[in-house]
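Observations on the three-dimensional arrangement
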Amino acid sequence: MRNFDFSSWQAVLTTLLGIALFALISMGIRLLMMFTVQQRRERMNRQINERLRTLIAAYKTLGGSFTGNLAVNPSHLRDQREVKESHDEGEGIVISGGSERSRRIRDAVEAALADIILLGTEEQVRLAERAARDMVAGRPVHTAELVVSLRSFIRMALDLAPLPADLQVPVQGPVRPSSSSGSGKGSRQDGERSGRGGSGGMGMGAGMGAGMGAGMGAGMGLGSASALHSDETTDPDETAK
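This structure is a prediction, so every number in the text was calculated from the model and none was measured. (Residues numbered from 1 in each chain as written. Predicted model: local features only at pLDDT ≥ 70, side-chain atom pairs only at ≥ 80, totals over all residues. Heavy atoms only, no water.)

The subject of this paragraph is the pattern of salt bridges. By the definition in use, this model includes seven salt bridges. With a closest N to O distance of 3.3 Å, Arg 126 and Glu 122 form a salt bridge. Of the two residues, Arg 126 and Glu 122 both sit in helix α4 (residues 122–137), four residues apart, roughly one turn of that helix. Taking the shortest distance from any N to any O, the salt bridge between Arg 133 and Glu 129 comes out at 2.2 Å. Within this pair, Arg 133 and its partner Glu 129 are both found in helix α4, separated by four residues, close to a single helical turn. The class of Glu 129 is partly exposed, set by a relative accessible area of 33%. (Salt bridge = Lys/Arg side-chain N within 4 Å of Asp/Glu carboxyl O. Helix = DSSP H or I, 4+ residues; strand = E, 2+ residues; numbered from the N terminus. Buried < 20%, exposed > 50% of the residue type's maximum accessible area, 1.4 Å probe, protein only.)

Quick look at the layout of surface pockets now. Of the pockets and cavities examined, the largest pocket occupies roughly 250 Å³. Residue composition of the lining of the largest pocket, by class: five nonpolar, six polar and two charged. (1 Å grid on protein atoms, 1.4 Å probe; cavity = no way out; pocket = protein on both sides within 12 Å on 5 of 7 lines; lining within 4 Å. Points joined across faces, edges and corners; volume = space filled by probe spheres on them. Nonpolar A, V, L, I, M, F, W, Y, C, P; charged D, E, K, R; others polar.)

What follows concerns the nonpolar core. Residues Leu 62, Val 109, Leu 113, Ile 116, Leu 146 and Leu 150 are the most contacted members of the largest nonpolar core, which totals 20 residues. Elements supplying a minimum of two residues to this core: α1 (9–62), α3 (100–119), α4 and α5 (144–157). Residue contacts for Leu 62: discarding those within four places in its chain leaves Val 109, Ala 112, Leu 113, Ile 116, Thr 143, Leu 146, Val 147, Leu 150, Gln 172, Gly 173 and Pro 174. (Core = buried A, V, L, I, M, F, W, Y, C linked by side-chain atoms within 4.5 Å. Contact = heavy atoms within 4.5 Å.)

Okay, here's the thing in structure tokens:
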């Protein structure tokens, strides 16, 4: 306050302008800092949400089963074809685990392992890398340990309490794909066929109706024309009688 000069109206005006300029600059700096911090926070939230969404999807893929064969069959379609050709040639090689279902499970597990290697923690990346090496080497892949690590990380990231120590969660394995897509596709194809058949029947019915209507119209027109012609050719004497 000692630096402010209120001795004249020019000094008062200069002082007020200085105060306004200082307040404007301060507010601008504060708004810029708030905008920068907000952008950084939003970017971090988007990264965290995307990471959690990807890891949750990977957890559902790798740990969606509790029963059955929980190991992933690493064989590829080309390997199965080679084994089948060798078996057909009489070399006595037995084909095992070559179903379409096992190949779909392997493809889903491969995609989940790639996502974990990209966005997982150090422990998860090591476990995913070991599983990927086993898959490349042709050894059966077990995902139970990786599923436990994913479950603990996801619960901690969502601020959930850890599972009680007295719980004994069964060993988890990759989810088994359902076969509902094929039946749905077949039903859609049947519906399309029935729709095409119905439209064809409607077209035939419309054509028959149009033909019958045209025939009846032509018959009526000919009948009326013949009646007029007969009236015109009637004898006037007969008409007088």
